[in-house]
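# Residue-level structural notes
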Amino acid sequence: AQTVTQSQPEMSVQEAETVTLSCTYDTSESDYYLFWYKQPPSRQMILVIRQEAYKQQNATENRFSVNFQKAAKSFSLKISDSQLGDAAMYFCAYRIQYGNKLVFGAGTILRVKS
Amino acid sequence: DAGVTQSPTHLIKTRGQQVTLRCSPKSGHDTVSWYQQALGQGPQFIFQYYEEEERQRGNFPDRFSGHQFPNYSSELNVNALLLGDSALYLCASSPRAGEATETQYFGPGTRLLVL
């Protein structure tokens, strides 16, 4: 069974600084997708970034980038120039290439200090 | 372009009752997935519908059932409610064809409290 582990229950970052959230996963599949979702207190789950496992190039979306290490089954999220609006719960999620469901980690609470 | 919508936003029920939650997918999407998110935890997959049929099911009892309508909207029904069913229920939609079929877009959720 696929599992996703987020080992950091909570992280803090100073405004304008950089923070990295960790995620590891366990799978025997070779083709899959990885995602980072953000859930603010308003509770709407928002897609931050996605990565296809067959692509070696790390995905980037503005201030958000990932470090995808397929052999190590690691998928960390880096947030640069952190803003107060980045404060939220961040979830790492996995989906096999031809599957239906997302498998989520337990989440990391990110606090941004002004 | 309307995103995923869910109703109601909040609901309070008592043990043993039945509840129906509703979801309208994002425009252009025909696949709907339902997730249960207990407080402080990640969402857990309940099931997915497309072409009006349940396609995959997570580890949830038969008390949880669903339906998808011809307009792609969906309902989640929970019978014989237990205290442990208290959670945020999230609906997510995705397209079956075209770009980004692997990405699911979430609605704001329905908060269910069972007393």
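Counting starts from 1 at the beginning of each chain's written sequence and moves along it residue by residue. Naming scheme: in the order in which they are written, chains are lettered from A and ligands are numbered from 1. Given that this is a predicted model, residues contribute local features only at a pLDDT of at least 70 and side-chain atom pairs are listed and counted only at 80 or more, while totals for whole chains, interfaces and linings are drawn from all residues. Derived side-chain values reflect all non-hydrogen atoms in the structure, with water molecules and hydrogen atoms excluded from consideration.

### With respect to the pairing of strand E8 (residues 64–69) of chain A
Residue and element names in this part refer to chain A. For clarity, the cut-off: One bridge is not enough; two strands pair if DSSP finds at least two bridges between them. Numbering of helices and strands runs from the N terminus, with a helix taken as a DSSP run of H or I at least four residues long and a strand as a DSSP run of E at least two residues long.
With 2 bridges connecting them, strand E7 (residues 60–61) and E8 associate as antiparallel partners. If you follow Glu61 over to E8, its bridge partner there is Phe64. Counted along the chain from E7 to the antiparallel partner E8, the turn is 2 residues long, and its residue Asn62 has a positive phi close to 55°. In terms of strand pairing, E8 meets strand E9 (residues 74–79) through 6 bridges, oriented antiparallel. Bridging across to E9, Phe68 finds its partner in Phe75. The turn linking E8 back onto E9 is made up of 4 residues, and Lys73 within it adopts a positive phi angle of 55°.

### Considering the pattern of salt bridges
Residues and elements named next belong to chain A. Threshold: In the sections that follow, a salt bridge refers to a side-chain nitrogen of Lys or Arg positioned within 4 Å of a carboxyl oxygen of Asp or Glu. We call a residue buried when its accessible area falls under 20% of the maximum for its residue type, exposed when it is over 50%, and partly exposed in between, using a 1.4 Å probe and counting protein chains only.
Applying the stated criterion across every chain, the model contains 10 salt bridges over all chains. A salt bridge links Lys73 to Asp26; the nearest nitrogen and oxygen atoms lie 3.9 Å apart. Separated by 47 residues along the polypeptide, Lys73 in the loop between E8 and E9 and Asp26 in strand E4 (residues 24–26) bring together distant segments of the chain. The residue Arg63 makes a salt bridge to Asp86 at a minimum N-O spacing of 2.8 Å. Here Asp86 lies in the loop between E9 and strand E10 (88–96) and Arg63 lies in the loop between E7 and E8, a separation of 23 residues in the sequence. The buried category is assigned to Asp86, whose relative accessible area is 3%. Each of Arg50, Glu52 and Lys55 takes part in a single network of salt bridges with overlapping partners.

### A word on the nonpolar core
Here is the rule we go by: Among buried residues, the Ala, Val, Leu, Ile, Met, Phe, Trp, Tyr and Cys ones that are joined through side-chain atoms within 4.5 Å form a nonpolar core. Here, two residues are considered to be in contact whenever any of their heavy atoms come within 4.5 Å of each other.
One finds A:Leu21, A:Tyr25, A:Trp36, A:Phe75, A:Leu77, A:Tyr90 and A:Leu110 to be the most contacted residues of the largest nonpolar core, which totals 27 residues. Taken together, the elements giving at least two residues each to this core come down to strand E2 (10–14), strand E3 (19–21), strand E5 (32–39), strand E6 (46–52), E8, E9, E10 and strand E12 (108–113) of chain A. Leave out the neighbours within four places in its chain, and A:Tyr90 touches A:Gln6, A:Leu21, A:Trp36, A:Tyr37, A:Lys38, A:Val48, A:Phe64, A:Leu77, A:Ile79, A:Gly107, A:Thr108 and A:Leu110. Ranked by size, the runner-up nonpolar core spans 20 residues in total, among them B:Cys23, B:Val78, B:Cys91 and B:Val114.

### Section: a nonpolar patch on the surface
Residue and element names in this part refer to chain B. Put simply, the test is: To count toward a patch, a residue needs a relative accessible area over 30% and no salt bridge; like charges are then connected within 9 Å, while nonpolar side chains (Val, Leu, Ile, Met, Phe, Trp, Tyr) are connected within 5 Å. Method for areas: the Shrake-Rupley scheme with a 1.4 Å probe, in which residue coverage is limited to the protein chains shown.
There is a patch of nonpolar side chains on the surface, built from Ile12, Leu113 and Leu115 and spanning about 300 Å² of accessible area. Relative to the helices and strands, Leu115 resides in the segment after strand E11 (110–114). When its relative accessible area of 54% is taken as the criterion, Leu115 is described as exposed.

### Focus: the environment of A:Arg63
All names here are of chain A. Where we set the bar: Throughout this description, a polar contact denotes any pair of N or O atoms lying within 3.5 Å of each other; where both atoms belong to protein, one of them has to be capable of donating a hydrogen while the other can accept it, and for residues adjacent in sequence the pair is counted only when both atoms sit in side chains.
Sequence-wise, Arg63 and Glu17 are 46 residues apart; in three dimensions their C-alpha atoms are separated by 11 Å. Leave out the neighbours within four places in its chain, and Arg63 touches Lys78, Ile79, Ser80, Asp81, Ser82, Gln83 and Asp86. Within the structure, the side chain of Arg63 is placed 2.8 Å from the side chain of Asp86, a separation counted as a polar contact.

### Observations regarding the sheet that holds strand E8 (residues 74–78) of chain B
All names here are of chain B. Inclusion rule: Angles here are taken between N-to-C directions and fall from 0 to 180 degrees, while the axes themselves are lines fitted to C-alpha atoms, restricted in helices to the stretch in contact.
Read across the sheet, 4 strands follow the order E1-E3-E8-E7 without closing on themselves; strand pairing throughout is antiparallel. Every interior strand has two partners, whereas the edge strands, strand E1 (5–7) and strand E7 (64–68), have only one. Each strand axis lies, on average, 20° off the axis of its neighbour in the sheet, ignoring direction. With 5 bridges joining them, E7 and E8 adopt antiparallel strand pairing. Looking at E8, one finds that Gly66 is bridged to Leu76.

Read these as spatial facts, not as claims about activity.
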